[in-house]
Amino acid sequence: MALKVAILGATGMIGREILNIMDERHFDADEVFALASRKSVGAEVSFGDRILKARDAEQFDWASCQLCIMATGDAAARKWGNKISQAGCIVIDTSRAFRADPQTPLVAPGVNPDAVEGYTKRNLIAVPDGLTTQLAVVLKPLHEAAGVVRVVVATYQSVSSAGKRAMDELWVQTKGIYVNQAPTPKEFPRQIAFNVIPQVEEFMDDGYTEEEWRISAEIRKMIDNDIQIVATCVRVPVFAGHAEAVHIELAEPLPAAEARALLRQSPGIMVVDKRDEEDGYVTPVDSIGEWATYVSRIRDDPTVENGLAMWIVADNLRNGSALNAVETAELLRNRGVFNAPLEARE
Ligand SMILES: NC(=O)c1ccc[n+]([C@@H]2O[C@H](COP(=O)([O-])OP(=O)(O)OC[C@H]3O[C@@H](n4cnc5c(N)ncnc54)[C@H](OP(=O)(O)O)[C@@H]3O)[C@@H](O)[C@H]2O)c1
């Protein structure tokens, strides 16, 4: 059965990354369409050695495709997600629009692959971004081995997860400071060059930010609703690669040496943890262009019973929502979801 795939938001940062990853992983599709808003019609995007021309999402016949990967912002995702899924096309969405919806599974294939089966409820699947994924990939094997009870995480988030304009702002402010130019924050609430900002997204009534709320809600949705998580999300002047300092309380004892051995054999994880060597831990710069989630500085936390402390790093552009979306599409394909003719599916 021929598989036709649409990428909505193909002209954006994540849309282009999705096309790159599909090409690198030789995603088996018979036809791939690039879609965007009317203003980008005709814009060219690369798909391996091919060039796709963006089409107008408003004019597209969604019933002609079996799968749409959406990489728009939240508002456009809300508008399009329902329309496309109701046309019979399965939607995998990278935005935040549907992640908290109880009827929509939240899937990181390295964490909860079986949750894809829940797509039948709304013909929709949401995928998490890199920040949540890198933490979930590490917590999952620890939870299975010794039961994760509580997590305290401080993030060190690069500017690339805030989009291209945010990356430009770091670049312009950094150059400007050498020539005495006063920084003008636009994308961030404060100066980002040579600074760190303890606010990622808007504050909520309880004083936490939306990002801090989301990391907790998404980990619990994917792994176990009983896990307690408290986060402090911090933006740092780094272009790409997110880092997290994580403290974990477990139900059962799991000494650092055993946790290190367990994580070493867990899929998607690279442990780099040698105290006496210069390159015995990983920094965001080291993670760029890599698929793995890196774990370093694994220690016993002597201040609580069954406690561990560690440092987790990953390239948020590679190892984030774009990869989750393509891997989720592969899961659906491997499970035969696209084998049935369109009209035979709900
Ligand atoms: N950037 C990241 O690192 C990152 C990380 C994790 C998750 N995400 C999520 O991924 C999504 C995409 O982010 P991005 O950074 O790639 O955004 P972006 O660069 O602004 O691209 C947005 C894309 O969506 C299209 N679009 C916007 N509104 C549309 C509409 N009403 N109808 C049709 N197409 C529309 C745009 O088309 P036009 O060119 O025609 O406007 C463009 O192709 C967001 O939900 C974001 O939260 C991003």
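Structure: see above.
Every chain's residues receive numbers from 1 upward, in the order its sequence appears when written. Restriction of local features to residues with pLDDT of at least 70 applies here, the model being predicted, together with a cutoff of 80 or more for giving and counting side-chain atom pairs; totals for whole chains, interfaces and linings are based on all residues. Side-chain metrics rest on all non-hydrogen atoms present in the structure, leaving aside hydrogens and water.

1. A few points about the pattern of salt bridges
Point 1. Each reported salt bridge corresponds to a side-chain nitrogen of Lys or Arg within 4 Å of a carboxyl oxygen of Asp or Glu. Considering all chains together, one arrives at 23 salt bridges under this definition.
Point 2. A salt bridge links E187 to R165; its shortest N-O distance comes to 3.3 Å. Taken together, the positions of E187 in the loop between α4 (164-178) and α5 (210-222) and R165 in helix α4 put the pair 22 residues apart, joining distant regions of the chain.
Point 3. What makes E187 partly exposed here is its relative accessible area of 35%.
Point 4. Between E201 and R214 there is a salt bridge whose closest N-O contact spans 2.7 Å. Placement of the pair is E201 in the loop between α4 and α5 and R214 in helix α5, with a sequence separation of 13 residues.
Point 5. Partly exposed describes any residue whose relative accessible area lies between the buried limit of under 20% and the exposed limit of over 50%, with all areas from a 1.4 Å probe on protein chains only and scaled to the type maximum. What makes E201 partly exposed here is its relative accessible area of 24%.
Point 6. For R214, a relative accessible area of 10% corresponds to the buried category. Per the convention used, a helix needs a DSSP run of H or I reaching at least four residues, while a strand needs a run of E reaching at least two, with both numbered from the N terminus.

2. What to know about the side chain of T133
Point 1. If you trace the backbone, T133 turns up in helix α3 (residues 130-146).
Point 2. Engagement of the side chain of T133 in a polar contact is seen with the backbone oxygen of D129, the distance being 2.6 Å.
Point 3. Contact between two residues is taken to exist if any of their heavy atoms lie within 4.5 Å; hydrogens are not considered. Those residues in contact with T133 that lie beyond four places of it in its chain are A108, P128, N319 and N324. Polar contact criterion, stated in full: a pair of N or O atoms within 3.5 Å, where within protein one must be able to donate a hydrogen and the other to accept it, and residues adjacent in sequence count only if both atoms are side-chain atoms.

3. Examining the packing of α3 against α5
To characterise two packed helices, one gives the angle between the axes of the helices and the distance between these axes.
Point 1. As a packed pair, α3 and α5 sit with axes 10 Å apart at the nearest point and diverge in direction by 40 degrees. In terms of axis orientation, α3 runs oblique to α5. Considering the relative orientation of α3 and α5, their crossing is right-handed. On the side of α3, the interface is formed by L131, T132, L135, A136 and L139, while α5 contributes E211, I215, E218, I219 and M222.
Point 2. Looking at the contact of α3 with α5 residue by residue, the classes come out as 7 nonpolar, 1 polar and 2 charged. A fitted line through C-alpha atoms serves as each axis, taken over the contacting stretch for helices, and the angle formed by two N-to-C directions is quoted from 0 to 180°. Angles are sorted into four bins: roughly parallel if under 35 degrees, roughly antiparallel if over 145, roughly perpendicular if 65 to 115, and oblique for all others. What makes a crossing left-handed is the near helix being turned counterclockwise from the far one by less than a right angle; a clockwise turn instead makes it right-handed. For this classification, the nonpolar set comprises Ala, Val, Leu, Ile, Met, Phe, Trp, Tyr, Cys and Pro, the charged set comprises Asp, Glu, Lys and Arg, and every other residue, Gly included, is treated as polar.

Read these as geometric descriptors, not functional statements.
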